[in-house]
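Here's the letter readout for the chains.
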Amino acid sequence: MFATRDDVLQWARSVAHENRFVAMIMRLDINTGIKGRTLFVLIGCERSGQYRSRKKDFVRRDTESMKCGCLFKLHGKLVVGGQGWMAKLMCESHNHELAKSLVGHLYVGRLTKDEKTIIADMTKSMVKPRNILLTLKELNVNSCTIIKQIYNARSTYRSSIRGSDTEMQHLTKLLERDQYI
């Protein structure tokens, strides 16, 4: 029995991490007010389902999808009376080998809000990306973040400072502000 839906998700993700796979939300039903419908969350393996191409006629033959139709499913639902959440394992089998390491999985390596603020502060201080990554790894030993995500976060931070201006427009504004000729 769990107190909230987020507790179910956190527990499922931590157990999946220990067992070397990534759990993600497949389907989520929110309270719509319709009589007879209950809140639920369906959690599955990141490799469940089939790849859907965005372009109908475009097929790349030199790459392959991670999706392999994995059957693993965990169903979390609100207990009658709203006293908490219950999790039920619907299918426990995987039809693929489990990962040796989760480093490089984008879903697991996502940056938290705290990590993004650390990256922003260190970027302001002109710290190199590799040192930012080392700092994040020291703060969270289980972090699966890779250097590419650090570069992306730095780029996002810089573009948020710049706003809608291009790099040249922003440079011109800074030169005018600091009275460079």
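Given the structure is predicted, the values throughout are model-derived calculations rather than measurements. (Residues numbered from 1 in each chain as written. Predicted model: local features only at pLDDT ≥ 70, side-chain atom pairs only at ≥ 80, totals over all residues. Heavy atoms only, no water.)

### Comments concerning the packing of helix H2 (residues 113-124) against helix H3 (residues 129-139)
Consideration 1: As a packed pair, H2 and H3 sit with axes 10 Å apart at the nearest point and diverge in direction by 145 degrees. The hand of the H2/H3 crossing is right-handed. Residues Glu115, Ile118, Ile119, Met122 and Thr123 of H2 lie in contact with H3, whose contacting residues are Asn131, Ile132, Thr135, Leu136 and Leu139.
Consideration 2: Here the contact of H2 with H3 is composed, by residue class, of 6 nonpolar, 3 polar and 1 charged. (Axes fitted to C-alpha atoms, helices over the stretch in contact; angles between N-to-C directions. Helix = DSSP H or I, 4+ residues; strand = E, 2+ residues; numbered from the N terminus. Left-handed = near helix turned anticlockwise from the far one by under 90°. Contact = heavy atoms within 4.5 Å. Nonpolar A, V, L, I, M, F, W, Y, C, P; charged D, E, K, R; others polar.)

### Here we look at the environment of tryptophan 11
Consideration 1: On the secondary structure map, tryptophan 11 appears in helix H1 (residues 5-18).
Consideration 2: By relative accessible area, tryptophan 11 is classed as partly exposed at 38%.
Consideration 3: Separated by 76 residues in sequence, tryptophan 11 and alanine 87 have C-alpha atoms that sit 9.9 Å apart.
Consideration 4: Those residues in contact with tryptophan 11 that lie beyond four places of it in its chain are Phe2, Leu74 and Ala87. (Buried < 20%, exposed > 50% of the residue type's maximum accessible area, 1.4 Å probe, protein only.)

### Topic: the sheet that holds strand E2 (residues 40-45)
Consideration 1: An order of E1-E2-E3-E4 is seen for the 4 strands of this open sheet, with the pairing classed as antiparallel. One side of each edge strand has no neighbouring strand; the edge strands of this open sheet are strand E1 (23-29) and strand E4 (85-91). Across the sheet, the axes of successive neighbouring strands diverge by a mean angle of 25 degrees, strand direction being ignored.
Consideration 2: The pairing of strand E3 (residues 73-78) with E4 spans 6 bridges and is classified as antiparallel. The residue bridging leucine 74 from the neighbouring strand is leucine 89, located in E4. (Pairing = 2+ DSSP bridges.)

### Considering unusual backbone geometry
Working note: non-glycine residues mostly have negative phi, and peptide bonds are mostly trans.
Consideration 1: The backbone phi angle of methionine 126 is positive, close to 65 degrees, even though this residue is not glycine.
Consideration 2: Structurally, methionine 126 is set in the loop between H2 and H3.
Consideration 3: You will see that glutamine 179, though not glycine, has its phi angle at about 60 degrees, which is positive.
Consideration 4: You can see glutamine 179 is positioned in the segment after helix H5 (167-177).
Consideration 5: Overall, glutamine 179 belongs to the exposed group, its relative accessible area being 70%.

### Description of H3
Consideration 1: Buried residues of H3: Pro129, Ile132, Leu133 and Leu136, and no others. The buried residues of H3 occupy an angular sector of 100 degrees when projected down its axis, which confines them to one face. For H3, the exposed residues lying more than 90 degrees away from the buried face are Arg130, Leu134 and Glu138.
Consideration 2: Contacts from the buried residues of H3 go to H2 and helix H4 (147-162). (Arc of directions from axis to C-beta.)

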